[in-house]
Amino acid sequence: MKTCIVYFMRHGQTQDADDSHDSFLKDEAVRDLKNVGIVFRKRRMVRVYTSPALCAVETARAITHFQNVDIELNSRLADVPEDCTQEELETLQKSVSTFLRELCVKHNGERICLVSHKLLLQILMADILSLPLTRLKEVEVRHGTVSIARYDGEIELKHMDCPVNVQDAVFS
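Residues numbered from 1 in each chain as written. Predicted model: local features only at pLDDT ≥ 70, side-chain atom pairs only at ≥ 80, totals over all residues. Heavy atoms only, no water.

Trainee: If you had to explain the packing of helix H3 (residues 86-106) against helix H4 (residues 118-128) to someone new, which residues and values would you point to?
Mentor: Describing two packed helices takes the angle between their axes plus the distance from one axis to the other. Put simply, H3 and H4 touch, their axes get as near as 9 Å, and they point 75° apart. On the basis of their axis angle, the class for H3 and H4 is roughly perpendicular. Together, Leu89, Leu92, Gln93, Val96, Ser97, Leu100 and Arg101 of H3 and Leu120, Ile123, Leu124, Ala126, Asp127 and Ile128 of H4 make up the contact between the two elements. Looking at the contact of H3 with H4 residue by residue, the class counts come to nine nonpolar, two polar and two charged. (Axes fitted to C-alpha atoms, helices over the stretch in contact; angles between N-to-C directions. Helix = DSSP H or I, 4+ residues; strand = E, 2+ residues; numbered from the N terminus. Parallel < 35°, antiparallel > 145°, perpendicular 65-115°, else oblique. Contact = heavy atoms within 4.5 Å. Nonpolar A, V, L, I, M, F, W, Y, C, P; charged D, E, K, R; others polar.)

Trainee: Just give me the short version of the layout of surface pockets, but keep the residues and values in it.
Mentor: Picture a little ball the size of a water molecule; that probe, rolled over the atoms, points out where space is still empty. Of the volumes computed, that of the largest pocket is approximately 390 Å³. Residue lining of the largest pocket: 20 residues in total, with Glu82, Lys118, Leu119, Gln122 and Lys137 positioned closest to the centre. For the lining of the largest pocket, the element with the most residues is H4, which contributes three residues. Taken together, the residues of the lining of the largest pocket break down into eight nonpolar, five polar and seven charged. Looking at the second largest pocket, its volume works out to about 210 Å³. What lines the second largest pocket is a set of 13 residues, and nearest its centre among them are Ala29, Asp32, Leu33, His143 and Gly144. (1 Å grid on protein atoms, 1.4 Å probe; cavity = no way out; pocket = protein on both sides within 12 Å on 5 of 7 lines; lining within 4 Å. Points joined across faces, edges and corners; volume = space filled by probe spheres on them.)

Trainee: Lay out the sheet that holds strand S4 (residues 111-116) with the relevant residues and their values.
Mentor: Strand order in the open sheet formed by six strands is S3-S2-S4-S1-S5-S6, with mixed pairing between adjacent strands. What marks the edges here is a single partner per strand, and that holds for strand S3 (70-73) and strand S6 (155-162). Direction aside, neighbouring strands of the sheet carry axes that sit 20° apart on average. Looking at chain direction, strand S1 (residues 4-10) and strand S5 (residues 146-151) are connected through six bridges and run antiparallel. Its bridge partner lying in S5, tyrosine 7 is registered against isoleucine 148. (Pairing = 2+ DSSP bridges.)

Trainee: Outline the pattern of salt bridges, supporting the account with residue identities and numerical values.
Mentor: Two side chains that carry opposite charge are able to pair once their charged atoms sit near each other. Under the counting rule described, the total for this entry stands at seven salt bridges. With a shortest N-O distance of 2.6 Å, aspartate 161 and arginine 142 are connected by a salt bridge. One end of the pair, aspartate 161, is in strand S6; the other, arginine 142, is in the loop between H4 and S5, with 19 residues separating them in the sequence. Here aspartate 161 falls in the buried class, since its relative accessible area comes to 9%. Lysine 158 is paired through a salt bridge with glutamate 156; the nearest N and O atoms lie 3.7 Å apart. Salt bridges sharing common partners tie together Arg47, Asp70 and Glu72. (Salt bridge = Lys/Arg side-chain N within 4 Å of Asp/Glu carboxyl O. Buried < 20%, exposed > 50% of the residue type's maximum accessible area, 1.4 Å probe, protein only.)

Trainee: Could you give me a rundown of H3, with the residues and numbers involved?
Mentor: Here H3 is 21 residues long and its end C-alpha atoms lie 30 Å apart, about the 30 Å a rise of 1.5 Å per residue gives. When we look at burial in H3, the residues that qualify are Leu89, Gln93, Val96, Ser97, Phe99, Leu100, Leu103 and Cys104. One side of H3 carries all its buried residues, which in axial view fall inside an arc of 160°. Those residues of H3 that are exposed and aimed more than 90 degrees away from the buried face are Glu87, Thr91, Lys94 and Lys106. Packing partners of the buried residues in H3 comprise S1, strand S2 (47-50), S4, H4, S5 and S6. (Expected span 1.5 Å × (residues − 1). Arc of directions from axis to C-beta.)

Trainee: Please provide a residue-by-residue account of the environment of valine 46, values included.
Mentor: With respect to the helices and strands, the residue valine 46 is situated in the loop between helix H1 (27-41) and S2. Relative accessible area serves as the criterion here: at 32%, valine 46 is assigned to the partly exposed category. A C-alpha to C-alpha distance of 9.2 Å links valine 46 and isoleucine 71, two positions 25 residues apart in sequence. Discounting residues that sit within four places of it in the chain, valine 46 has contacts with Val69, Asp70, His107, Glu110, Arg111 and Ile112.

Here's what the structure looks like:
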């Protein structure tokens, strides 16, 4: 099995102060995300999977601005209510972790990106790091940052919550 590289991104900052997911991104967020797209262009991603929320779709479009990459909306990457019960979080974690592993097998030897929201990405990262869901708040996922995982039968988080600029060498 070849290695699948997965880039995880939280959507960029929205124009609404309450971080509404039905809001457009701030102009500076789009600019910054296009710079991330310059870095991604060198990595030749084959597909971006994104939450159907407007802010996530805009993020996906911005990071693929400089390359021809398919963007696929997927409801499994949609935002999660913060008032979920522990049982609901556990069910969600199983579902999105299975989805992630299925994507990694499907994209054997390729690079993909998942654009989503803070809590969903925290749930995925906690699973990869084998952290209990009670420690989600310890998993930092800021707007427009990238976390990178490798999958070659097992998934391993290589970099977490990295700010990206055109000169960034962290992307591998």
